[in-house]
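Descriptive analysis of the structure
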Amino acid sequence: MLDRLSSSQGELESEELQDDAYAAGCTPICDCGDRQIVKVTGTLRTVTLRPRAGVPALEAELFDGTAPLDVVWLGRRSIVGIEPGRRLIASGRISVSQGRRVLFNPKYELRPLGQE
């Protein structure tokens, strides 16, 4: 109880996200290696439209309390429900680009708004 009172809001949110990942049977992002097939969950921190090689690409940063993961949908300008603050579960093959973990065109499941 005393730990929760002395923890910052960010630490409490990270702990909650880690508990959600464990409950959903997902791998913590910090444990994901290059070219590994994974199922991860977290909260979208940012969502931006950033073209890659002349092709539109919707990029989002997913955070699960352990590490960030860039999620990229190639050929998409927007996806309904993909917005900052939304929780989702994503699965696919992780790659590492410029020292950051990236998940291209993942299968994803939006978490219900009532659970946020």
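Residues numbered from 1 in each chain as written. Predicted model: local features only at pLDDT ≥ 70, side-chain atom pairs only at ≥ 80, totals over all residues. Heavy atoms only, no water.

**Some details on the layout of surface pockets**
Approximately 250 Å³ is the volume attributed to the largest pocket. Around the largest pocket, the lining comprises 13 residues; the ones closest to its centre are Arg50, Arg52, Glu59, Asp70 and Arg100. Put simply, the parts of the chain that give the lining of the largest pocket at least two residues each are strand E1 (37-49), strand E2 (57-63), strand E3 (68-74) and strand E5 (100-104). Looking at which element gives the most residues to the lining of the largest pocket, the answer is E2, with three residues. Looking at the lining of the largest pocket residue by residue, the class counts come to three nonpolar, four polar and six charged. (1 Å grid on protein atoms, 1.4 Å probe; cavity = no way out; pocket = protein on both sides within 12 Å on 5 of 7 lines; lining within 4 Å. Points joined across faces, edges and corners; volume = space filled by probe spheres on them. Helix = DSSP H or I, 4+ residues; strand = E, 2+ residues; numbered from the N terminus. Nonpolar A, V, L, I, M, F, W, Y, C, P; charged D, E, K, R; others polar.)

**Some remarks on unusual backbone geometry**
Look at Arg35: it is not a glycine, yet its phi comes out positive at around 65°. In this fold, Arg35 is placed in the loop between helix H2 (9-23) and E1. Under the relative-accessibility criterion, Arg35 is labelled exposed at 58%. (Buried < 20%, exposed > 50% of the residue type's maximum accessible area, 1.4 Å probe, protein only.)

**As for the environment of Arg101**
Assignment of secondary structure puts Arg101 in strand E5. The exposure class of Arg101 is partly exposed, given its relative accessible area of 24%. For the pair Arg101 and Leu69, spaced 32 residues apart in sequence, the C-alpha to C-alpha distance is 5.3 Å. Setting aside chain neighbours within four positions, we find Arg101 in contact with Ile29, Cys30, Cys32, Ala67, Pro68, Leu69, Asp70, Ile94 and Ser95. Polar contacts involving the side chain of Arg101 include one to the main-chain carbonyl oxygen of Cys32, which spans 3.1 Å. (Contact = heavy atoms within 4.5 Å. Polar contact = N/O pair within 3.5 Å; in protein donor to acceptor, adjacent residues only side chain to side chain.)

**Some words on the nonpolar core**
Grouped together as the largest cluster of nonpolar side chains are 18 residues, with contacts concentrated most on Val40, Leu62, Leu69, Trp73 and Ile82. Within the residue set of this core, elements represented by two or more residues are E1, E2, E3 and strand E4 (87-97). Residues contacting Ile82, with those up to four places away along its chain left out, are Leu44, Val47, Leu58, Trp73, Leu88, Tyr108 and Leu110. (Core = buried A, V, L, I, M, F, W, Y, C linked by side-chain atoms within 4.5 Å.)

**Concerning the packing of aromatic side chains**
Each aromatic ring pair is described using two quantities: the centre-to-centre distance and the angle formed by the ring planes. Following the criterion strictly, the structure yields one aromatic pair and no others. Look at Trp73 and Tyr108: their rings are 5.5 Å apart centre to centre, the planes differ by 75°, and that puts the pair in the edge-to-face class. Within this pair, whereas Trp73 is found in strand E3, its partner Tyr108 is found in strand E6 (residues 107-110), the two being separated by 35 residues in sequence. The class of Trp73 is buried, set by a relative accessible area of 4%. Of the residues examined, Tyr108 reaches a relative accessible area of 34% and is grouped as partly exposed. The aromatic ring of Phe63 is capped on one face by Arg45, whose charged end is 3.7 Å from the ring centroid. (Phe/Tyr/Trp six-rings, centres within 6.5 Å; stacked < 30°, edge-to-face > 60°. Lys NZ or Arg CZ within 6 Å of the ring centre and 35° of its normal.)

**Observations regarding the environment of Pro106**
Along the polypeptide, Pro106 turns up in the loop between E5 and E6. The sequence separation of Pro106 and Val38 amounts to 68 residues, and the corresponding C-alpha distance is 10.0 Å. With residues up to four places along the chain from it excluded, the contact list for Pro106 reads Val71, Val72, Trp73, Ala90 and Ser91.

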